[in-house]
Structure formats: C-alpha cells, structure tokens
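# Tertiary structure, described
The lines below spell out each chain.
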Amino acid sequence: MLLIRNGRVLDPASNTDALLDVLLDGERISRIGANLSAPDAEILDAAGLVVAPGFIDLHCHLREPGQELSETIETGTRAAARGGFTAVCCMPNTLPVNDNASVTRGIVERAAANSSVRVWPIGAASIGSKGEALAEIAAMKSAGIVGVSDDGKPVATARLMRQVMDYCNALGLPVIDHCEDPSLFAGGVMREGRHSLRLGLKGIPAESESICVGRDVEVAGLTGARLHIAHMSTKRSLEYVRMAKKLGLRVTCEVTPHHFTLTDEDVRYDSHYKMNPPLASREDREALIAGLADGSIDAIATDHAPHHPASKDVEFDRAPFGITGFETALALALSELVHPGRISLMQLVELFTTGPARVLGIERKIAPNQLADVTVFSTERPWTFQAAESASKSRNTPFDGRVFRGGPVATLVAGRLAYKHS
Ligand SMILES: [Zn+2]
Ligand SMILES: [Zn+2]
C-alpha cells in the first residue's frame, strides 16, 4: 500500500480541490480522505504538491517497431513517466505500419514487458496508411487499439473517411485525423507568411489544415461518428470545431505545447523548429489559448516525435518533421497557460486527464476502486530542461536549456512509482 499524504487533490471529474490523502492498494485507489491512517503503507509526502489523476497523452510516436535508433517503447515510456504521463497513445506510423492485429499484439506485448507507463496503440485507418483500402480495424480493436488514424498523413479522401467513420462508429472507436491538404502542403517546411518569405523557406498555408478539418467535420455530420482533430494549430480549424460542437456533433480536438508556446516568428535555420503542422502565427496561438480557456479544446497532447540526431542534423529543407515532447509538456502548460493566468490549474489538469479520457470514451478520476494511476506535480519547483539528460533516445527539441517553474514530481502507474523526482 502507498499513502500519498497532504497533497492538494485536484480532480476535475468530481470538481475536488482540497488537501487530502490518497491511499493506493495494489493496482487500485482504495480510499481518499483527510488524515487517513494506514500504518503499514509506504508514505509519499505530497505537501505543497498537486495530486491529479494520471495524465494521458493522446498522441505520440514511440518508433517501435522499426525505428529503434530514434526511440523504443522502453525509452519513450521512460520519458513519458518523467513527464508525468501514466498512459500514452502511440501512433501507427511505425515500420511496419500498425495496420493489423499482429503488429498491434507485438506492441502490446513489448509494452507489457518493457514499458514504464500504459501504452495504448492507435491503429491505422487504411492498409499501410496508404489511403486506399480499410485496415483490419475490428481485429486490431480486439488486439488492443483505442482509436484509428493515418497520422503522418490525413485520411486520404472524404469517401474513405466516410467508410472509416462508419466502421469505427460500429466499433465505438474515435477516428483521429492529421489534417492537411497534401496539394497545398506540397514541399512546404514552415508556415507560409511574412516569416517564411524572410527566411526563404517554402511555406505551407494555414488553409492546408483547415480545409481538411472542414471536410472531416462535414463527414462527421454525415456519419455521426466520433472525430478527433490531432495537433490542431490554426484559428480557422478551431472555428470549425466550435461549429461542430454547437451542432452537437461528436467532434473533439487537441493542441500541442509547442503550438501554444511558439509561433512562426520563432523559426530559425534549426531543424528543431521544424514540425508538422508547422508553428503557426501569433494570431493562431492566441486563438488556441482562448480555445483552451473556454473549453473548446479538449486535450493537450505532445505529438512526441523523436528523430535520432543524425537525421535532424541536416539542412532545414531535408530534416524530418517533429520534436520530442513528453518531458516538457506539463512545464510548458504551467509556464505559458497557468502562471500567466490564462487557464486555471483545474483546467490544466482537465486538459491532461478527463479531457483526453473523454476523447477515448473512458473515465479518469480519483475515487475508490479506480485505477491507481496518479500524477503528482509541483507548480513552483524551478528547474532547467536539459535535452542531454532526457530519457528519450532523441534530442530534437527547441526547448533545450529552457528554465521552468513547476513540473512533474512523481508518476504512479497501477500503484507503482514509474518516476520520482529526486
Ligand atoms: Zn500528425
Ligand atoms: Zn503525430
């Protein structure tokens, strides 16, 4: 048994914000209350810290199978635990693509043997994510997928999206789309605008994303299926999501820490600023923060996308898209959103816990008999992120050396300490 003592329990599911003890017994939460007595329990002193339900990351790339030079399930989930995450959803663009039950089973088995946190795979929507024939979605669901996506690319056509949604609707799975119009995206490396012109880099217009979001919302209206917009980065995309919610459609969305922190003005000739979707305009960033504050945005997701140093250490044009994200996500949310007063601490917790849980159709709360997945963090601890000390195999982050106030202190998965700050 483990007793988490004297923490400030923040639980959006029950709107709890109080100094309480939480007793974990094996893989479940046993009791919560003031001054709990459990003489045999190990003690975790959480005085001055926040005790939250276990954080869920809806979007990451663990690179296994196939790209183990960049990351493995073992290293990726160790980084996730250091970031406060107790469960991560890994995208299917591995080698081979997770488009059938045997690949899904392989990921689930490797995770059972090697991972620090829960690994919930996302299955491909189409075979090889090629946008032609439907993948074996039902068989992958039996093997453990929690959603479907062709991430890395959008679901290729409206017609295929309709089929995928009809199929997933029957199975109770969300369809997660990486929204971009490939014909507008073509060859671009950063957001199109004044700053891409200044740098002489080929731009990607914001509309590449929002056209696809608009299409997906229309197809969600047609099918009634659950649609989740991945790593949303533009104001117009958010307007489509707001409209969909107003119409009562089952549409949700996530944003990444880098999109609410940086803009295209921050981009320089350094491939650590190259990601997809690209860093957006200042106006987009403002709109996303407003969407986080008013509840239009359901979740913060990292899109942790490790690339080994050799692949990123090339010209901007040739570098792959993506940055790592697990270990800086919470600290960026505290620094950019909570400390400046843009969202409340309860809202932050919701964006990492009940928000993503709702997208997956599951519960997340601190209550007796719930899974003993708990994230303990500080809102004040000063620290500096050093990419060289990351648990990830990769170092591709624009946040190396950034000074933070607040971050993860302990990550508990199924009642066991997956990470503890020392
Ligand atoms: Zn993507
Ligand atoms: Zn991704």
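Here is a short report on the structure shown in this document.

How each quantity is defined
- Residues numbered from 1 in each chain as written.
- Chains lettered and ligands numbered in written order.
- Predicted model: local features only at pLDDT ≥ 70, side-chain atom pairs only at ≥ 80, totals over all residues.
- Heavy atoms only, no water.
- Core = buried A, V, L, I, M, F, W, Y, C linked by side-chain atoms within 4.5 Å.
- Buried < 20%, exposed > 50% of the residue type's maximum accessible area, 1.4 Å probe, protein only.
- Helix = DSSP H or I, 4+ residues; strand = E, 2+ residues; numbered from the N terminus.
- Contact = heavy atoms within 4.5 Å.
- Donors = N, O, S within 2.8 Å, 3.2 Å for Na, K, Ca; no water.
- Tetrahedral: all angles 85-135°; square planar, octahedral: opposite > 155°, others 65-115°.
- Salt bridge = Lys/Arg side-chain N within 4 Å of Asp/Glu carboxyl O.
- Expected span 1.5 Å × (residues − 1).
- Pairing = 2+ DSSP bridges.
- Polar contact = N/O pair within 3.5 Å; in protein donor to acceptor, adjacent residues only side chain to side chain.

Let's shift gears to the nonpolar core. Counting residues in each nonpolar core, the largest one holds 90 residues, and the members touching the most others are V88, M232, F260, L292, L348, F352 and F377. Element by element, the count of residues in this core is highest for helix α12 (residues 329-338), at eight residues. Setting aside residues up to four positions removed in sequence, F260 forms contacts with V255, R285, I289, L292, I300, L332, A333, E336 and L337. I4, A372, V374 and L412 belong to the second-largest nonpolar core, a separate cluster that totals 18 residues.

Right, let's get into the coordination of the zinc ion (ligand 2). Geometrically, a metal with four donors at the corners of a regular tetrahedron has ideal angles of 109.5 degrees, and one with six donors at the corners of a regular octahedron has ideal angles of 90 or 180 degrees. For the zinc ion (ligand 2), the full set of protein donor atoms is H59 (NE2), H61 (NE2), D151 (OD) and D303 (OD), at a range of 2.1 to 2.4 Å. Classification of the site at the zinc ion (ligand 2) rests on its four donor atoms, whose angles at the metal span 85 to 170°, yielding the label irregular. Between consecutive donors of the zinc ion (ligand 2), the numbers of intervening residues give the motif H-x1-H-x89-D-x151-D.

This next bit is on the pattern of salt bridges. Where side chains of opposite charge bring their charged atoms close, a pairing between them can arise. On inspection of all chains with the given rule, the structure shows 22 salt bridges. Taking the shortest distance from any N to any O, the salt bridge between E283 and K235 comes out at 3.1 Å. One end of the pair, E283, is in helix α10 (residues 282-294); the other, K235, is in helix α8 (residues 235-246), with 48 residues separating them in the sequence. Classification of K235 by relative accessible area gives partly exposed; the value is 32%. Taken together, the shared-partner salt bridges in this structure form one network comprising K245, D298, E350 and R358.

Over its 17 residues, helix α7 (residues 207-223) extends 24 Å from the first C-alpha to the last, a length consistent with the 24 Å expected when each residue adds 1.5 Å. Burial in α7 covers these residues: S208, E209, S210, C212, V213, G214, R215, D216, V217, V219, A220 and T223. At the exit of α7 stands G224, carrying a positive phi of roughly 75°.

Pairing between strand β17 (residues 403-413) and strand β18 (residues 416-420): four bridges, direction antiparallel. By the bridge assignment, L412 is partnered in β18 with L417. Hairpin connection between β17 and β18: a loop of two residues separates the two successive antiparallel strands, and A414 in this loop has a positive phi of roughly 50°.

Its location among the elements puts H307 in the loop between β15 (299-300) and α11 (309-312). Owing to a relative accessible area of 14%, H307 belongs among the buried residues under this scheme. Among the polar contacts listed, one links the side chain of H307 to the backbone oxygen of F321, at a separation of 2.7 Å. Those residues within four positions of H307 in sequence are excluded, and the remaining contacts are R63, S70, K312, P320, F321, G322, S394, R395 and N396.

Take the coordination of the zinc ion (ligand 1) next. Every protein donor of the zinc ion (ligand 1) is accounted for by D151 (OD), H178 (ND1) and H231 (NE2), and the metal-donor separations fall at 2.1 Å. For the zinc ion (ligand 1), the single-chain donor residues occur in sequence as D-x26-H-x52-H. Between the zinc ion (ligand 1) and the zinc ion (ligand 2) the interatomic distance amounts to 3.3 Å, and D151 serves as a bridging ligand to the pair. Of this pair, D151 sits in the loop between β9 (147-148) and α4 (158-171) while H231 is found in the loop between β13 (227-229) and α8, placing the two residues 80 residues apart along the sequence. Comparing D151 with H231 shows no difference in burial state: the two are buried.

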